Amino acid sequence: MKPLSPWRLAVIHFRVAALNELQYRLNFFVQLFQSIVALGTGLVAILVVYSHTDSLGGWSASQLLAVMGVHLMLGGVIRTFVAPNMRRLLEDVVEGTLDYALTRPADAQLMVSVREFSIWNGIDIVLGAGVVVWAGVAVEGSIGLVGTVAFLVVICCGAVIVYSVWLAGCTVTFRIIRGDYVLQLLDGIYEAGRWPVTLYPGWLRMSLTFLIPLAFAVTVPAEVVSSRFDGSSILWAMVITVAFAFGSRQIWLRSIRHYSGASA
Amino acid sequence: MSIGFLRDYYVAAGRIGFQRDIQYRAATFVNVLGFMIEPAIYLVVWRTVATEQGGVVGGYTVDAFTAYYIVWTLVRVFNLAFAPNAWEWRIRRGRLNEMLSAPVHPFHRDFAYFAGAKFVWTLMWIPVAAVLTVTFRPTLHPTLVQVLGFVVAIWAGFAVRFVLLYLLGMITFWTTRGQAIFDLVVAAELLLSGRLVPLSLMPDWVQTASNFVPFRWAFQFPIEVAIGRIEPLGILTGIGIQILWATGLGAALAWVWPRAIRRYTAVGG
């Protein structure tokens, strides 16, 4: 029997997850309410900051709005596609049920990455996109076709980067018990991307550029929207994306060798 | 149940909390590290604002902001409490059954556990605070009275926040969608507690509103005691208000608990 293509496998899992969640339609409104609360809180934070200053490290309020929009969009990607799968991975290792994923006739990394989706969290992606458009209009009026294409490229790079970092981070669970805190730590670090990484002191800025590259995942797409970018930053974002995708794959392959099953 | 029994129970449960978190110290450190990121972000943002405004904003200098947010990290360690949404997990997994069959109210077990764990978390906080101190160099010269006041205020702040979140968790007995309400309360706490920014930088109406909710007594008050922005009499008054909030919320919890538990149906366990 010919194995399913990775894309087809992901789509089938996504459809099952979507059908599961569509049973609970009220959750859509609950999630919408939660997303609006989070968005409102973020906007108030920006308002409070800019009620005391006109510029934050060279960023205007509209430009910071772009950062917030991208942060919200990628946060939606994490909560919809990435975190549910990583949470399941951590639980499976503790409970010994990862064997069920590993013994399937498909790539193990693919299997652990497409089993869970939380579709209502996708509201954040839509709201974030709305904020990005709002910020783009406020800053430039229009970022043009080139700007739009550049934004789509770097936001996709951002999605791959956060997936790679989350996957690499969660493989720690093969070595320590109670790896569940790793997700909280990654969430905490991701919050740092709500503000431009150029604000942070040297060592922290370097960490957020090359170790956990929120600079490329969040700040660069926001720079594209607010016309602060140059071609080299987009090129670097693509290089970093390839490097992190490759690196996380290697970390996964090495880490999986430490898995010996628990009780399944 | 005698006071002596309860005291011994608190000591024993507190030790268990300590032992459990020291046993998984790597995981505990990762957890504490995760909680330190939020104040570090605010610290960077408000230092930048203060620097760009000539060094002072809302009565806070760059150094005062630094001290505020570094003390914030310790206050955060202390006011961590049993999350309201964790009740859902307890109910769904049947973990509440064993707690209800014990002769001691679950509140005592949870409170003592968290209190014991604070000692491990404080140990884990030290290296993080050291890195923040070396990086940002705060100006902090507390007097003996302020140090003593701070020690009392962070424990009292922990009590206020713990009881508040415990009370909030009771919503889970009425609805499975309590998370939306929890998020709303956390957002209110962020704005009305001094968690996001010292309240003096907020609009007047926010400062007024913060007087009618307990949040600031678990966040800003202990911080301001430590950084020397409150006189000794104010410290005593503040601790009194903390005790009043903890007692009032405790009374509300005592009223809600039997009504909540009557709605509980055991699952698994």
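Each residue is numbered by its place in its chain's sequence as written, counting from 1. Each chain takes a letter, starting from A, and each ligand takes a number, starting from 1, following the order in which they are written. pLDDT decides what is reported in this predicted model: residues at 70 or higher carry local features, side-chain atom pairs at 80 or more are listed and counted, and totals for whole chains, interfaces and linings draw on all residues regardless. Only hydrogens and water are removed before side-chain values are computed, so all heavy atoms of the structure are retained for them.

Draft legend 1. A look at the overall build of chain A. Runs of E in the DSSP output that reach at least two residues are strands. Runs of H or I that reach at least four are helices, and both are numbered from the N terminus. Scanning chain A from terminus to terminus reveals eleven helices and zero strands. For chain A, the N- to C-terminal ordering of α and β elements is α-α-α-α-α-α-α-α-α-α-α. For 264 residues, the compact-globule estimate of 2.2 N^0.38 gives 18 Å, and the C-alpha radius of gyration of chain A, at 19 Å, lies within 12% of that figure. Expressed along its principal axes, the backbone C-alpha trace of chain A runs to roughly 60 × 45 × 35 Å. Here the globule rule is a power law, 2.2 Å times the number of residues to the power 0.38, and the radius of gyration is based on C-alpha atoms.

Draft legend 2. Geometry of unusual backbone geometry. Positive phi values are uncommon outside glycine, yet B:Arg137 reaches one of about 50°. Relative to the assigned elements, B:Arg137 resides in the loop between α6 (106-136) and α7 (144-169).

Draft legend 3. The arrangement of the confidence of the model for chain B in detail. Residue-level confidence of the predictor is what pLDDT reports, using numbers from 0 through 100. Counting all residues, the mean pLDDT for chain B is 92, and 99% of those residues have values of 70 or more. Scored as a complex, the prediction yields pTM 0.88 and ipTM 0.86.

Draft legend 4. Fine view of the nonpolar core. Membership of the largest hydrophobic core comes to 169 residues, with the highest contact counts inside it found for A:Trp166 and B:Trp46. Here, two residues are considered to be in contact whenever any of their heavy atoms come within 4.5 Å of each other. When residues no more than four places from it in sequence are discounted, the contact partners of B:Trp46 are A:Val48, A:Val49, A:His52, B:Phe65, B:Tyr69, B:Leu196, B:Val197 and B:Leu201. Each nonpolar core is a collection of buried residues, namely Ala, Val, Leu, Ile, Met, Phe, Trp, Tyr and Cys, held together in the definition by side-chain atoms within 4.5 Å. Exposure categories follow from relative accessible area, calculated using a 1.4 Å probe and restricted to protein chains: below 20% of the type maximum is buried, above 50% is exposed, and the middle band is partly exposed.

Draft legend 5. Summary view of the environment of A:Phe229. All names here are of chain A. Here Phe229 lies in the loop between α10 (214-225) and α11 (231-256). Residue Phe229 is classed as partly exposed on the basis of its relative accessible area, which comes to 29%. Spatially, the C-alpha atoms of Phe229 and Ala150 are 10.0 Å apart, while their sequence positions differ by 79 residues. For Phe229, the contacting residues outside a window of four places in its chain are Glu223, Val224 and Ile234.

Draft legend 6. Molecular detail of the environment of B:Val75. All names here are of chain B. Within the fold, Val75 resides in helix α3 (residues 62-79). With relative accessibility at 2%, the residue Val75 sits in the buried group. Sequence spacing of Val75 and Phe158 is 83 residues, and the spatial spacing of their C-alpha atoms is 8.5 Å. Residues within four places of Val75 in sequence aside, it is in contact with Phe150, Ile154, Ala218, Phe219, Pro222 and Ile223.

Draft legend 7. How the structure looks around the interface of chain B and chain A. Taken together, the contact between chain B and chain A spans 35 residues of the former and 33 residues of the latter. By convention, the term buried area covers the 1.4 Å-probe accessible surface removed from two parts as they join, with the contributions of both added. For the pair chain B and chain A, the summed buried area comes to about 3,000 Å², and 73% of that belongs to carbon and sulfur atoms. Only α1 (3-23), α2 (25-52), α6 and α8 (179-192) of chain B provide two or more residues apiece to the side of chain B that touches chain A. With 15 residues, the single largest contributor to the side of chain B that touches chain A is α2(B).

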